[in-house]
Amino acid sequence: MKKIRNNKIEKIIEIIKKNNSFLITAHMNLEGDALGSELALYFILKRFKKKVIICNHDSTPEAYNFLPGHRFIKNEVGGKKFDVAFVLDCSDLSRSGSVEAKIAKQAFVVNIDHHISNTRFGDINWLEPKASSVCEMIYHLARGLKVMDKKIALCLYTGIFTDTGNFIYTNTTSDTHKVAASLMGYDICPHEIYRKIHSLCLPEDIKFIGRHISQLKFSSDRKICWVMISRWQERKYDLTEITFSIMRRLKDPLVFIIFKKVGKERTRVNFRSHSKIDVNKIAKFFGGGGHQRASGTTIAGSLKDSEKRVISFVSDFINAAKKRN
Ligand SMILES: [Mn+2]
């Protein structure tokens with residue numbers, strides 16, 4: 001096993017044992033790792049008879065309604081005070097959206113994350129940039145507390161599964177597989193999880209993606225591939241990931257980008273890397289962040305304007321990286 005920060009786990013165990021009420025949150029645009037780690041931690045704390053509330057900025061996408069406990073998740077906690085707030089899978093506290101204001105008022109904040117761009121906003125910061133997911137980290141916490149059951153295992157497995165792109169991204173390590181194998185011992189069916197999360201598209205969604213795929217753009221050296229989406233329909237599931245999974249089939253590009261118009265002068269830009277090109281650094285330049293091979297940012301500017309700025313920056317970035325090697 002690679003080095004997991006056991007001293008942090010011990011400290012967090014102490015905090016759990018000493019306190020009674022807990023608030024759990026994660027980032028906006030909920031996905032498998034955010035929800036899986038929140039719910040797993042919820043069940044872990046419940047085993048110690050603690051008062052626990054999960055509160056998120058966004059509502060839970062329908063695709064994740066198979067996760068046990070999803071009905072307990074709230075979008076509002078009123079003026080309640082908690083002894084401890086757990087913030088999961090957030091590189092920055094602002095990623096928790098409207099919950100940020102609540103967290104800022106809590107006595108003690110535990111920041112658990114695997115984003116390399118994490119800003120260390122907690123009173124305790126347990127950061128494992130090499131972990132595949134926060135769920136992989138929570139697995140070690142659960143082991144430290146000697147709790148595990150089918151519900152916790154299903155939540156954790158789902159987060160590891162989705163954050164590794166079904167075990168194909170470069171964040172998948174032998175440790176990730178060891179953790180996943182151990183969780184499978186609790187009667188987990190990966191094919192069912194896959195079907196529940198990934199087989200939801202309606203014919204119009206596939207056609208929508210198809211239209212955009214037919215208009216892919218490439219830099220002249222074909223190292224950058226991108227797509228512009230002016231009318232983005234929010235769905236029960238993540239069309240961004242589906243679009244990227246098709247783009248990733250391309251042989252030549254090193255960086256994949258999706259530009260989405262999300263407001264009059266606001267463009268969401270998501271990056272994926274196929275290579276050593278560090279898209280966390282690219283997103284950071286534009287005020288965002290994430291992981292080395294998956295990141296994003298929101299730019300104040302029109303779709304066209306953002307395209308121009310980002311593509312020219314990425315192209316220079318790739319050329320500079322080429323020169324260094
Ligand atoms: Mn994650």
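These numbers come from a predicted model, not from an experiment.

Cut-offs applied
Residues numbered from 1 in each chain as written. Predicted model: local features only at pLDDT ≥ 70, side-chain atom pairs only at ≥ 80, totals over all residues. Helix = DSSP H or I, 4+ residues; strand = E, 2+ residues; numbered from the N terminus. Buried ≥ 20, exposed ≤ 12 C-beta atoms within 10 Å, placed from the backbone. Core = buried A, V, L, I, M, F, W, Y, C linked by C-beta atoms within 7 Å. Contact = placed C-beta atoms within 7 Å. Pairing = 2+ DSSP bridges. Axes fitted to C-alpha atoms, helices over the stretch in contact; angles between N-to-C directions. Domains from an automatic or database assignment. Right-handed = clockwise from strand over helix to strand, strands pointing away. Left-handed = near helix turned anticlockwise from the far one by under 90°. Nonpolar A, V, L, I, M, F, W, Y, C, P; charged D, E, K, R; others polar.

## A closer look at the environment of Lys80
- Counting through the fold element by element, Lys80 comes out in the loop between β2 (51-54) and β3 (84-88).
- Given 13 C-beta atoms within a 10 Å radius, Lys80 is considered partly exposed.
- Distance in space between the C-alpha atoms of Lys80 and Pro61 is 26 Å, their sequence separation being 19 residues.

## So, the nonpolar core
- Ile24, Ala40, Phe86, Leu88, Ile138, Ile152 and Leu156 are the most contacted members of the largest nonpolar core, which totals 56 residues.
- Look past the residues within four positions of Phe86 in its chain and what remains in contact with it is Phe22, Ile24, Leu41, Val110 and Ile112.
- One finds Ile224, Ile229, Val310 and Val314 within the second-largest nonpolar core, a separate group that totals 24 residues.

## Observations concerning the sheet that holds strand β11 (residues 294-300)
- With mixed pairing, the six strands of this open sheet are ordered in space as β6-β7-β8-β9-β11-β10. The open sheet is flanked by β6 (217-218) and β10 (289-290), the only strands paired with a single partner.
- By the bridge criterion, seven bridges tie strand β9 (residues 266-273) to β11 in an arrangement that is antiparallel. Of the residues in β11, the one forming a bridge with Thr267 is Ile299.
- Relative to strand β8 (residues 255-263), helix α9 (residues 239-247) is tilted by about 155°, and along the sheet it contacts β7 (224-229), β8 and β9.
- Its contacts with the sheet place helix α11 (residues 303-324) against β7, β8, β9 and β11, and it is angled at close to 160° to β8.

## Points about the domain arrangement of the chain
- Assigned domains within the chain: domain 1 (6-197) and domain 2 (203-324).
- Here the C-alpha centre of domain 2 lies 27 Å away from the C-alpha centre of domain 1.
- If you look at the interface, domain 1 gives ten residues, while domain 2 gives ten residues.

## Some details on the pairing of β3
- Within β3, five of the five residues are buried, leaving the element largely enclosed by the surrounding structure.
- Residue alternation in β3 divides its side chains into two sets, Val84, Phe86 and Leu88 and Ala85 and Val87, and both sets are buried.
- Taken together, the four bridges between strand β1 (residues 21-25) and β3 define a ladder with parallel strand orientation. Following the sheet pairing, Thr25 is matched in β3 by Val87.
- Pairing of β3 with strand β4 (residues 109-113), which is carried by four bridges, proceeds in the parallel orientation. Bridge pairing in β4 links Val87 to Asn111.

## Focus: unusual backbone geometry
- The residue Asn29 is not glycine, and still its phi comes out positive at about 55°.
- The exposure class assigned to Asn29 is partly exposed, which follows from the 16 C-beta atoms found within 10 Å.
- Of note in this structure, Lys49 is not a glycine but carries a positive phi near 60°.
- Looking at the element boundaries, Lys49 is found in the loop between α2 (32-47) and β2.

## Some points on the sheet that holds β4
- Ordered by their spatial adjacency, five strands build an open sheet running β2-β1-β3-β4-β5, and the pairing between neighbours is parallel. Of all the strands in the sheet, the pair left with one neighbour each is β2 and β5 (124-127). Neighbour-to-neighbour, the strand axes of the sheet open up by a mean angle of 15°, direction not taken into account.
- Strand contacts of helix α1 (residues 6-18): β3, β4 and β5, with the helix running at about 135° to β5, the strand carrying the most contacts.

## Some points on the pairing of β2
- In β2, alternate side chains face the same way, and those of Val52 and Ile54 are buried while those of Lys51 and Ile53 on the opposite face are not.
- Where β1 and β2 come together, four bridges link them in parallel fashion. Opposite Ile24, over in β2, you have Ile54 as the bridge partner.
- Taking the sense of rotation as the criterion, the β-α-β connection linking β1, α2 and β2 turns out right-handed.

## Observations regarding the packing of α1 against helix α4 (residues 134-144)
- Direction vectors running N to C along α1 and α4 enclose 60°, while the axes themselves pass 10 Å from each other. Crossing of α1 against α4: the hand is right-handed. Contacts between α1 and α4 involve Ile9, Ile12 and Ile13 on the former and, on the latter, His140, Leu141 and Gly144.
- Of the residues in the contact of α1 with α4, the class split is four nonpolar, two polar and no charged.

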